[in-house]
Amino acid sequence: MNHEPSQLTASRPDFAAIAASIPTGSSVLDLGCGDGSLLRYLKETRNVRGYGVEISDANIEAGIRNGVNVIQADLESGLSGFEENAFDFVILSQTLQATHRTEPLIEEMLRVGRECIVSFPNFGYWKNRLQVIRGNMPVSKDLPFQWYDTPNVHLCTLGDFEMFCDKYKLQILDRHVMTGTTNVSFLPNLLGSMAVYRFRRVS
Amino acid sequence: MNTSIGIVTAQRAHFDTPLTFRSGAVLPQYDLMYETYGTLNADKSNAVLICHALSGHHHVAGSYADDPKNVGWWDNMIGPGKPLDTNKFFIVGLNNLGGCHGSTGPASINPATGKPYGSSFPVVTVEDWVESQARLADMLGIQQFAAVVGGSLGGMQAMQWSLSYPERVRHVLAIATAPRLTAENIAFNDVARNAILTDPDFHGGDFYQHNVVPKRGLRLARMLGHITYLSDDAMADKFGRTLRSGKLSYNYEIEFEIESYLRYQGDKFANYFDANTYLLMTKALDYFDPARDFDDNLDRAFARAKANYLVISFTTDWRFSPERSRAIVNTLLHNKRNVSYAEITSTHGHDSFLMQHEHYHNVMRAYLDNIAREFTA
């Protein structure tokens, strides 16, 4: 055992928010699943059946060690191996901002899953805004990279993401905004450092 | 940590119940050579079967007391503290029917005639092998394998286990393999077979009576096969265009190091391997196609599978490319099987599955450790 679920939620506060909207026994596809911690957490707390997609060798080893199904693939080269509506939920946890071709990926997520869940750091968080006003790119716990070594190429604010959903006719079913482990409901685009959205295509 | 299992002993099992092959041929009785490593636990839940590839056999790990240099072909994977840990698992390796390492094969004496089977030995398929392996499992008291493991042609047998006996295998580790061969892959096999079939010493497969061996054909078959098991990069690294004498000699003798290497490998192989076995093994490769009985629908072929799978491919393997492994993975996904897939970056082509490679071995170890937890918990 690498770590207990409680430790997992402490290290990744979005896990609990994601799990909250997943009924027991659901099928889940976790894109960019890292070391498989989220899948393992969902398996242990929600008895989900699922797969993670991951590109890094180290994470494939870690995912297998965590006892979850991991498929080594570049998620941006397509999810063609997965059938239409194969999953109840397709999750993109803290990965959206690092995807290059974001639109086709979300399109694929909507194809293989009935609902999608994405979590991402809110670029509109006041501390980020302050750093930009001061003249620097934001560096923080949620955005731990320097401008020259960041994998993040498509950062956005809550407002940006909701405009995206509007443009592509995506129905937002649920939104959790938080700073650390605290839920934020007042001025979320300013006071929330991280967001979890659940959405589907407008039917 | 990486110590060898040490001295091992080969055993012979005799079977009197006739085996009917997919072709309709019947073998009234046969022997299988096998080795076991580790200890079968009380509830017989820790058994692992190793299926061999084209030129493999039952001597998978360890060495023999009277032949200490004869180390098993997968000794880097199997032993105390190794990924296939003999402190946890009871591991069974065998020589397949039709082989040339002691199990009944074309060179064996047919009790009905008193002569070698030769050309009369049945063409054997992956399904036939699984059937014979299941009988060996019965004999050893193994109702269900914790895992069936194999690379290349061995991976095909591992997959076939989960189709022929869905209840008898919990995990399948299918390495550097394919759901069926491509036309190009069959083509390579056919050239290899033609080298043997057209050797004047082959005598239609009954060369034993003529006291000759079709070495020229077997040697060419192996040389061709060997090229396809390596990668362009691996050959460039190992041999490049290096000349043995340092200068061109303008004749057809061995000049480049790669020529020397291939001829040496071909000669070595032709000195111990049986030409008929080579033909049978390549045919088994060509015939494997579980989708064939299901209108070419692989998803339907795997609908009866109940096992969990680990699928592994290697980036430079062009004989059994990652794309072929992804086809297996996709079918397993469509059937909602538990499956993990690792695409290992390696320069050694198809042969990678036999090599010591840290990440590859870590993946194997991680998966097998989880299996071991299922029966030690």
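Residues numbered from 1 in each chain as written. Chains lettered and ligands numbered in written order. Predicted model: local features only at pLDDT ≥ 70, side-chain atom pairs only at ≥ 80, totals over all residues. Heavy atoms only, no water.

Draft legend 1. Local environment of the overall build of chain A. Regarding its fold elements, chain A presents eight helices and eight strands. Relative to its length of 203 residues, chain A is compact, with a C-alpha radius of gyration of 16 Å against a globular reference of 17 Å. Within chain A, buried positions represent 48% of all 203 residues. Sequence separation of 24 or more characterises 66% of the internal contacts of chain A that already satisfy a separation of 6 or more. Carbon and sulfur atoms form 53% of the exposed surface of chain A, whose accessible area is close to 9600 Å². (Helix = DSSP H or I, 4+ residues; strand = E, 2+ residues; numbered from the N terminus. Rg over C-alpha atoms; globule rule 2.2 N^0.38 Å. Buried < 20%, exposed > 50% of the residue type's maximum accessible area, 1.4 Å probe, protein only. Contact = heavy atoms within 4.5 Å. Areas by Shrake-Rupley, 256 points an atom, 1.4 Å probe, with all protein chains shown as cover.)

Draft legend 2. Representation of the interface of chain B and chain A. In this complex, chain B contributes 22 residues to the contact, which on the side of chain A involves 17 residues. Summing both partners gives a buried area of about 1700 Å² for chain B against chain A, and 49% of it is carried by carbon and sulfur. When residues of chain B are sorted by the area they lose upon contact with chain A, Leu333(B), Tyr341(B) and His359(B) head the list and together hold 28% of the total. Counting across the interface, chain B meets chain A through zero salt bridges. Counting every contact that joins chain B to chain A gives 12 residue pairs in polar contact (both at pLDDT 80 or more). Where the side of chain B that touches chain A is concerned, the elements lending two or more residues are α9 (322–334), β14 (339–344) and α10 (358–376) of chain B. (Buried area = accessible area lost by both parts, 1.4 Å probe. Salt bridge = Lys/Arg side-chain N within 4 Å of Asp/Glu carboxyl O. Polar contact = N/O pair within 3.5 Å; in protein donor to acceptor, adjacent residues only side chain to side chain.)

Draft legend 3. Molecular detail of the packing of helix α3 (residues 183–197) of chain B against helix α7 (residues 275–287) of chain B. Residues and elements named next belong to chain B. Put simply, α3 and α7 touch, their axes get as near as 10 Å, and they point 160° apart. Comparing the axis directions of α3 and α7 gives the class roughly antiparallel. Considering only the axes of α3 and α7, their crossing is left-handed. Contact residues: α3 offers Ile-186, Asn-189, Ala-192, Arg-193, Ile-196 and Leu-197, while α7 offers Ala-275, Tyr-278, Leu-279, Thr-282, Lys-283, Leu-285 and Asp-286. Along the lines of polarity and charge, the residues of the contact of α3 with α7 split into eight nonpolar, two polar and three charged. (Axes fitted to C-alpha atoms, helices over the stretch in contact; angles between N-to-C directions. Parallel < 35°, antiparallel > 145°, perpendicular 65-115°, else oblique. Left-handed = near helix turned anticlockwise from the far one by under 90°. Nonpolar A, V, L, I, M, F, W, Y, C, P; charged D, E, K, R; others polar.)

Draft legend 4. A look at α9(B). Over its 13 residues, α9(B) runs 18 Å from end to end, which matches the ideal 18 Å to within 8%, given 1.5 Å per residue. Residues Pro322(B), Arg324(B), Ser325(B), Ile328(B), Val329(B), Thr331(B), Leu332(B) and Leu333(B) constitute the buried set of α9(B). In the core, the buried residues of α9(B) are packed alongside β2 (49–54) and β3 (69–72) of chain A together with α2 (153–164), α8 (298–301), β13 (308–314) and β14 of chain B. At the exit of α9(B) stands Lys336(B), carrying a positive phi of roughly 55°. (Expected span 1.5 Å × (residues − 1).)

Draft legend 5. Seen up close, helix α4 (residues 215–229) of chain B. Its 15 residues give α4(B) an end-to-end C-alpha distance of 21 Å, which sits within 8% of 21 Å, the value for a rise of 1.5 Å per residue. The inward-facing, buried residues of α4(B) contact α3, α6 (257–272) and α7 of chain B.

Draft legend 6. The arrangement of the confidence of the model for chain B in detail. Here chain B averages 97 in pLDDT, while 99% of its residues score no lower than 70. Interface confidence for the predicted complex, expressed as ipTM, amounts to 0.94; the pTM equals 0.95. (pLDDT = per-residue confidence, 0-100.)

Draft legend 7. Structural context of the pairing of strand β11 (residues 145–151) of chain B. Residues and elements named next belong to chain B. Along β11, seven of the seven residues are buried, which leaves the element largely enclosed by surrounding structure. Relative to β11, strand β5 (residues 47–51) runs parallel, the two sharing four bridges. Across the sheet, Val-48 pairs through a bridge with Ala-147, a residue of β11. With six bridges connecting them, β11 and strand β12 (residues 169–175) associate as parallel partners. The residue bridging Gly-151 from the neighbouring strand is Ile-175, located in β12. (Pairing = 2+ DSSP bridges.)

Draft legend 8. Spotlight on the side chain of Thr157(A). All names here are of chain A. Summarising the element assignment, Thr-157 is placed in the loop between α6 (126–133) and α7 (158–167). The class for Thr-157 is buried, based on a relative accessible area of 15%. From its side chain, Thr-157 meets the backbone nitrogen of Asp-160 in a polar contact 3.0 Å long. Contact partners of Thr-157, with chain neighbours within four places excluded, come to Phe-120, Asn-122, Phe-123, Gly-124 and Asn-189.

Draft legend 9. A look at the state of the cysteines. Counted under the stated rule, the structure contains zero disulfides over all chains. We note that Cys33(A) lacks a disulfide partner, and the nearest cysteine sulfur, in Cys116(A), lies 17 Å from it. This cysteine, Cys51(B), is not joined by any disulfide, and Cys100(B) carries the nearest cysteine sulfur, 17 Å off. Assessed through its relative accessible area of 1%, Cys51(B) is described here as buried. (Disulfide = S-S within 2.5 Å.)

Draft legend 10. How the structure looks around the pattern of salt bridges. All names here are of chain B. On inspection of all chains with the given rule, the structure shows 25 salt bridges over all chains. A salt bridge links Asp-190 to Arg-193; the shortest N-O distance between them is 3.7 Å. Taken together, the positions of Asp-190 and Arg-193, both in helix α3 and three residues apart, correspond to about one turn of that helix. Its salt-bridge partner being Arg-300, residue Asp-295 comes within 3.4 Å of it at the nearest N-O pair.

Draft legend 11. Focus on the confidence of the model for chain A. Of the residues in chain A, 95% have a pLDDT of 70 or more, and the chain-wide mean is 92. Considering only residues more than four positions removed or in separate chains, one finds that residues 1–6 of chain A, a stretch of pLDDT under 50, has 10 contacts.

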